[in-house]
Structure formats: C-alpha cells, structure tokens
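Coordinate inspection notes
Each chain is listed here by its residues.
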Amino acid sequence: MYNHQEIEKKWQKYWEEHETFKTDIWDFSKPKFYALDMFPYPSGVGLHAGHPEGYTATDIVSRMKRMQGYNVLHPMGYDSFGLPAEQYAVQTGNNPNGFTQKNIEYFTSQLKELGFDYDWSRMVATSDPEFYHWTQWIFKQLYKDGYAKYVDMPVNWCEELGTVLSNDEVIDGKSERGGYPVVRKNMKQLCIDQPAFAQRLLDGLDEIDWPESTKEMQRNWIGKSTGVEVEFQIVGGGKFSIFTTCIETIYGITFMVLAPDGNLVQELMPRIQNQEEVKAYIQETISKSDMDRTELNKGKTGCRLEGIKAINPVNGKEVEVFIGDFVLANYGTGAVMAVPSHDQRDFEYAIAHNIEMIQVIDGQDVSEHAFEKQDYLGKGCKLINSEEFTGLTVEEAKVAITKKLVNMGIAKETINYRFREWIFARQRYWGEPVPIVHMENGQDYVLEDDELPLILPELEDYKGHNGQAPLENAQEWKQYEKDGFKGKRETSTMPGSAGSSWYFLRYIDPHNSSEFANYELLKHWMPVDLYVGGPEHAVGHLMYSRIWNNYLYDKGLSPVKEPFKKLVHQGMILGENGIKMGKRYPEYVVNPSDIVKQYGADTLRLYEMFMGPLEASKPWNSKGVEGAKKWLERVYRILIESDKLSNTNSHELDYIYNQTVKKVTNDFETLGFNTAISQMMVFINECYKVNSIYKPYAQGLIQMLSCICPHIGEEMWQLLGHEESIAYEPWPIYDESKLVSSTFTCVVQVNGKVRGKFDVPTDTDQEELKEKALSLESVKKQIDGKTIRKIIVVKGKIVNIVAN
Ligand code: ANZ
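Residues numbered from 1 in each chain as written. Predicted model: local features only at pLDDT ≥ 70, side-chain atom pairs only at ≥ 80, totals over all residues. Heavy atoms only, no water.

1. Re the overall build of the protein
Operational definition: The helix count covers DSSP runs of H or I at least four residues long, the strand count covers runs of E at least two residues long, and both are numbered beginning at the N terminus. Buried, partly exposed and exposed residues are distinguished by accessible area as a fraction of the type maximum, computed with a 1.4 Å probe on protein chains only: under 20%, between the cut-offs, and over 50%, respectively. Any pair of residues with heavy atoms lying within 4.5 Å of one another is described as a contacting pair. Residue-level accessible areas treat just the shown protein chains as cover; the underlying method is Shrake-Rupley with a 1.4 Å probe. Positive charges come from Lys and Arg alone, negative charges from Asp and Glu alone, with His and the N- and C-terminal ends not counted. Where a charge lies is defined by one atom per residue type: Lys uses NZ, Arg uses CZ, Asp uses CG and Glu uses CD.
Summing up its helical and strand segments, the protein has 26 helices and 29 strands in all. Once the C-alpha set of the protein is aligned to its principal axes, its extents read approximately 105 × 80 × 50 Å. Here the protein, with 804 residues, has 53% of them falling under the buried criterion. Long-range pairs, those at least 24 residues apart, make up 72% of the contacts in the protein between residues at least 6 apart in sequence. For the protein, the exposed surface amounts to about 35,600 Å²; the carbon and sulfur share of it is 49%. Positive and negative side-chain charges in the protein, numbering 88 and 115 respectively, have mean positions lying 5 Å apart.

2. Quick word on the packing of aromatic side chains
Short version of the rule: What counts as a ring pair is set by centres within 6.5 Å for rings of Phe, Tyr and Trp (its six-membered ring), and what kind of pair is set by the plane angle: stacked under 30 degrees, edge-to-face over 60, tilted for all other angles. Only when the NZ atom of a Lys or the CZ atom of an Arg is both within 6 Å of the ring centre and within 35 degrees of the ring normal do we say a charge sits over the ring.
Evaluation of the coordinates by the stated rule reveals 45 aromatic pairs. With centroids separated by 5.5 Å and ring planes inclined at 80°, the aromatic side chains of Tyr118 and Trp120 adopt a geometry described as edge-to-face. Members of the aromatic cluster, connected to one another through ring pairs, are Phe39, Tyr503, Phe504, Tyr507, Tyr531 and Phe564. Lying across the ring of Trp210, Arg546 places its NZ or CZ 5.8 Å from the centre. Positioned above the aromatic ring of Tyr688 is the side chain of Arg634, whose terminal nitrogen or guanidinium carbon lies 4.0 Å from the ring centre.

3. Points about the site of the ligand
Let me state the cut-off plainly: Near residues are defined by distance, with any heavy atom within 4 Å of the molecule or strand qualifying the residue. Two N or O atoms count as a polar contact when they lie within 3.5 Å, although within protein this holds only if one can serve as hydrogen donor and the other as acceptor, and sequence-adjacent residues are included solely when both atoms are side-chain atoms. Gly is put with the polar residues, along with every residue not named as nonpolar or charged; the nonpolar set is Ala, Val, Leu, Ile, Met, Phe, Trp, Tyr, Cys and Pro, and the charged set is Asp, Glu, Lys and Arg.
Surrounding the ligand, one finds 19 residues, the nearest of these being Ser225, Thr244, Leu328, Tyr331 and His342. For the ligand, a nitrogen atom lies 2.8 Å from a polar atom in the backbone of Leu328. One of the side-chain N or O atoms of Arg345 is found 3.3 Å from a nitrogen atom in the ligand. Residue assignment for the shell around the ligand shows that the elements contributing at least two residues are strand 9 (239–244) and strand 13 (335–338). When the residues that make up the shell around the ligand are grouped by side-chain class, the tally is nine nonpolar, six polar and four charged.

4. Comments concerning the environment of Ser706
Of note, Ser706 is situated in helix 22 (residues 695–708). Each residue touching Ser706, except ones within four places of it in the same chain, is listed here: Arg63, Met67, Gly713 and Ile726.

In structure tokens, the structure reads:
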C-alpha cells in the first residue's frame, strides 16, 4: 500500500532539488508549448476547491507536452494588488505589502503541495516594483500615443464625500457609504481609449479558438452598430445631429428626443419656455445610473421643450422636441429621431405623451405595438407613406435615403460602439502609481524612463480622507520638482486589471531589468497555446489583455495580434448539494489542503478531473474522493504489488493498451480528462483479468497517469527500476494495427434468445458476421425447418435472427 503523505513530500522535494520543471527559455531546438493559468488574487483564505480544477487541467496538458518533446512553459504568479489588502491596511494601519507577501507564501505552499509543474523561478506578483515598473512603462507608452488620456466623462459624483464613486458604490442614487446624494457629473478622468481598438478586437475574435459564448459576449460588449448621423435644423435657427440605425424610417418621425444631461439642452435653454419643468427633469435624470435609464420595461418619462421644434429634412415637416432619460448623452450624438411605429421605446413614449404615429413600413399592425427592425429586416418588407421611396424594400430604402441625405450634405455614415472609455484611475492606495505629474504651468508631464518604477510610498495612514485618494496623505511624495519646475503627482492609482493585462508576457522574461521582455523570446514563446480560467473573466480581463497586447503588437513590441490562442473555462465546483461554494456558504467550502492531508494531492487531482467534463459545473461528492483514492490503490496493487509484470508480451493486453494510449492522448489534447480516466480504469480492470502484464504497457499507463497524479506516477516509475524522473520520458505511442486486428465476441440470438457466440476481428463486415452466425451448429439446430424472416446485425456486437 502506498503512503501518500510520504511519497508526495518526497517527490515535491525531488522536483525542487532537481529543478525538474525549470524551463530553459532560450532552448529553441524543440517546439514550444505555453500553458497558462489565470493567476490568483492572494486572498487571506488560501485556495478553494475551484483553483485546483483549472490548474490541474493545464498541468496535465503541460506534462503530456513535455513528454511529447515540447519545451514547456508553465508559470504561476499573483495578481496581488487589490481591495482586500487595502482594507486590511486601513483597518490595521499596516502596509498591505506585508499582508500580501504572507498570503503569497501561503498560496505558494498550497500550490506546491498540489504538485503542479510550475517553474517557480518565473513567479511574478503584480504588486512587486520589479513587475509594476513595466506596467507603468507600458502605460506610459499608451499615454504618449494618446490611447491613455484625460477625458471629460460623466461620473457618479458625491458632493459630501468629495469623490467619484463606481456604479456599485451607488445605491438608489445615494452613496453606499453614508447614504449621501450622488449625481452624474462631467469630470476629467484618466481613461484608456477602448473604442480605438474596437474593430481590431472584433476581427481578432475570428482568429482564435475560444468558447463561442465568450466571443459572443465580447462582441456584445463592444456593441458595434452601423448607422447614419443626420443633421436637423431647429425652427428659428440652430441645428443638431441624431444617430440612427434605421434611416429607412425617416418619414415616420413624429418627434425628437434629446438626452436631458447633454450639452444641447443647455445651449437651447434660453429659448425654452418651460425652463423650470425642464430643469427639474434634468435634476431627476442625473441621479439615475445608465442602467436604470435604459431599462426596457421602465416607464418612458420625459418632458416637452416648449418653444423648440425641429425640421425633418426629407419633407420639411416640423416636429416637437422632448427630453427623455432613455436617451443617453454619451452615446451616438445624444439625440434621437423618434419613430413610434417602429421603435417600442418611442411607441411607449408617444403613448405617454400623446404624440401621433406614422407607419412607414408595411407588414404588421402597429396599433398595439411597434413593428421593429428585428421583425422586418430581411423579410422583403416595403416602405409606405414615404414619398418617392414608397414601394422600395427596407434594404433598398436604407441605401437610397442615405444617399439622398449625404448628397444634401447633411448626413454621414457612422459606426458607433457601445464600448466605452476604460476609466483607468482609482482613489485607492494598493495599486500601481500613475507616472504622471500635473505641473504648475498646467501641463501634464509623464515620467522619464529613468524615473520608473515610481514606487508606492509608505504611509502613516492608508485611509483616504474626505473621499480623496489615500496618496493625498503622502505630503512629501506627491510634490514633484525637476529642473526647477514644480508639480503635483497624480494620486490615483491604476485599476486592478492593469497588471493582469500583460503578465503573460512577463513570465517569458521575468527578471529582465532593461525591458518588459526580450523580443526574441516573445517571438518564440507567444502566443499562449492554452489558457484556462473562469468564465467570469469573459469580458473584463480577457478584453483588457487583448487591448494591451494589441497595442503592443502595433508598436512592434509583441509579436502576435492575439495573445491567447486557445481558451477554456473550467466549470464551477459546487457544494455537495449543488450550491455554489464560497463566502456565502462557508459550510460547503472544501479546503484543498484538508483533502491533500487526508487523501493526498494525487487523489484530489484525480477526483477533480473525474467529476465530469472540465467545462461543466459539478457538485462535490466526498464519496467520489474516497473512490478516487481506492482506485489509485487498485492501480498500485496490480502494477507494483502483484507479480504479474513480465518482460515478454503475452499479447493479452495488446488491444486495450493501444486503445488506451490512443484515447488518452486524444482526450488530453481536447481536455476530456474524465473520459481519459474512464479509459485508464478499463485498462486496469483488464490487467486484473489477465495472467501477465507486459511491462512496457504498465509503464505506458503509469506515464499517462503521472500527468494527473504526478507523485504516485514518479513513485511507481522508480519502483519499476528507473532512476530519472518520469517527466521527460517520451510519451507512449500506440500501434494502429493492433487496434484494427483486434477481435470481439459476437453474440448470436435466435428469436431473442442467445444461442451462440464466436470471436472475430473487430473489422469483420456484416455479411461475414451473418454467414458465421448461420454456420454455428447451435444456431443451425434452432432454425432447422424454419423460415428466416429477418437478420439484424449490429456491428461489433450481435447478430439477431428472427425465424418461424
Ligand atoms: C431612429 C429609429 C427608428 C431607431 C427605429 C430605431 C428604430 P444601437 O443599435 O444600440 O446602436 N439611439 C441613438 N442614440 C441614442 C442614445 N444616445 N440614447 C438612446 N438611444 C439612442 O441603437 C441605435 C438606435 O438607438 C438608433 O436608431 C436610435 O433610435 C437610438 F424604428 O433612430 B433609432
């Protein structure tokens, strides 16, 4: 019987001492394989049961690839800036760095205990100055190229706290902390211009092997829409533009709606007759979030701008102008042409404000509901009530009307993205300092390369006061002076997602002190061949890293357009009763370390891979853990403790062994670990049935199993007489001919009863099976004197004869 505690420690020590998994990064003689895990945030509570799931998946593949002759890079590190450490610092007055270091050590010991094949010499931590030096440097390039900039943006502003709040810090128009009123207000924000990358990000999605659902989420997040911007004259002077994706409905306009918080309303204010009403409605609007405003089911509130009328350029018709909070100031032009017959929001607005409707597309009754584009596009529907365009199909009309307006010089085709600027500053301490100084002369200065890294200063007090950034407390640090010019440093820090947007590049060259990574190395190692992590990052991290990499690619600093060639999301591990494990249900939390102690890391890894398909959510089952352990003991008994192993091949296992190598190899490649394990189980069952086990077959199985259960794998390998680690043994190969010529037992039934059996090669065809079945003496006896009505042959299984 094997003692998991002893052998797991033994092999972990061996790997460390022999630097078994240290990657020789400059060895370009072999093909490369880069396996990447989403690095954890080193929280105080350590790993949870979900971590080993994805990590084991990449571990298995990387171990197989190594045995297949690849030079493998499989690194690990920590996303170590973030809120929990900051909160700890505020509460205790201690620097969050100490707390973070302690957590990193704990995480590392837990990961080592699980036997992963990480090259620990490449570990990075985003809060380490050696790492954030280059986060700042890349940010600086983005800034110099105009992709990072200060932009006037609507933000949630809390006057009492004197700070900007994120959407989740605002509840019902009040600050979560203190319950003070929060309003939408334009302020200069440090942003990264995501829309500048939108089209490239969309195009790139077609090149990568990612889950379709994740690509679709990214497409929706980017939210590209193609339409037309059209200028409308205001009666009595002035004009404004609208953005529409449905120009074909232009003859159906019965009113216009402007964003209440946009500049246009302010410009028009002197001409508005019901100013008080309008101002009150604007106040109401700015206390709402965009989400609340665009909610489809909400009532269509708004107010008429008395004294303001717009002119429809196609027919000169004068229509009323309103404000309504469903129109957002920062999308399109902040103004819409309203067509109640063909847009449901406009329809409801028209009903609420008693406005007429004009149907312009034929094909559906519009008295109860608008006839919208998703119902008429591509259906051959034709225009009505549209002067010279009447009778054209919608598609023809889109082209013709756009052309007319463009020729009139009042329209242009435009593309809009829902994708917004990525606000890149937080009023927090525990993040990368932004390397910008606001100079006294009003200019913004970005630090020189030799002024980087800009180190986060130690503070007496880590709490921001009056809602201000904690770095405002760093009286000395924030003052900047160079060559007699004075300024004040930016005191907000970068968001949590900064470091994780490029960490995969740094792993390739983690200790380079002159550049973020050597280009020659990047060229050899990028892209990441397999990236495994949770689906919760589908848009955030996975979008931000594509943006940074895309930018670096354009600068010639990253060799690939897309950083992650293949992406897989592991499923969630649920509690025993199917409930999501986590903070809210502490009673269901499984601590991997406890399982490792009791059953061993190999058992935990095997169990998590056997629970079900990697991508599926699966409930934890303690009995399953038990079962996994028992099976490992069963493997050990037959391959190590029995005296069945033999150097001569009895050929009893030829078929099952070759089949197992083929299936496991394919399954590992496609991350089908549960079915690979099932196949190994079948193999072990066969071993128990036969008289002798050909030693090379036993070794092949041990190699494959060692990817999932590396400690027991190494141990068995050694016990079979090997002195070197199993990690670099050439991967077992299978003999296709052994698969084809193998036999199976064909059962013969006559009228539903088994009357005989015979062994034939697997590839025997139907006719031959029929013949063989009919020639069996026992079968002949049964059909003697009867007429054969039907013979059903199931290849590889059974011949069924119906006779009477
Ligand atoms: C007239 C029209 C008629 C429209 C019709 C739709 C249907 P997407 O696809 O999301 O880009 N819109 C434009 N700017 C807006 C803003 N700032 N706030 C809220 N809505 C805005 O949607 C584009 C459509 O959303 C535009 O097309 C416009 O309404 C509205 F039968 O114009 B449409």
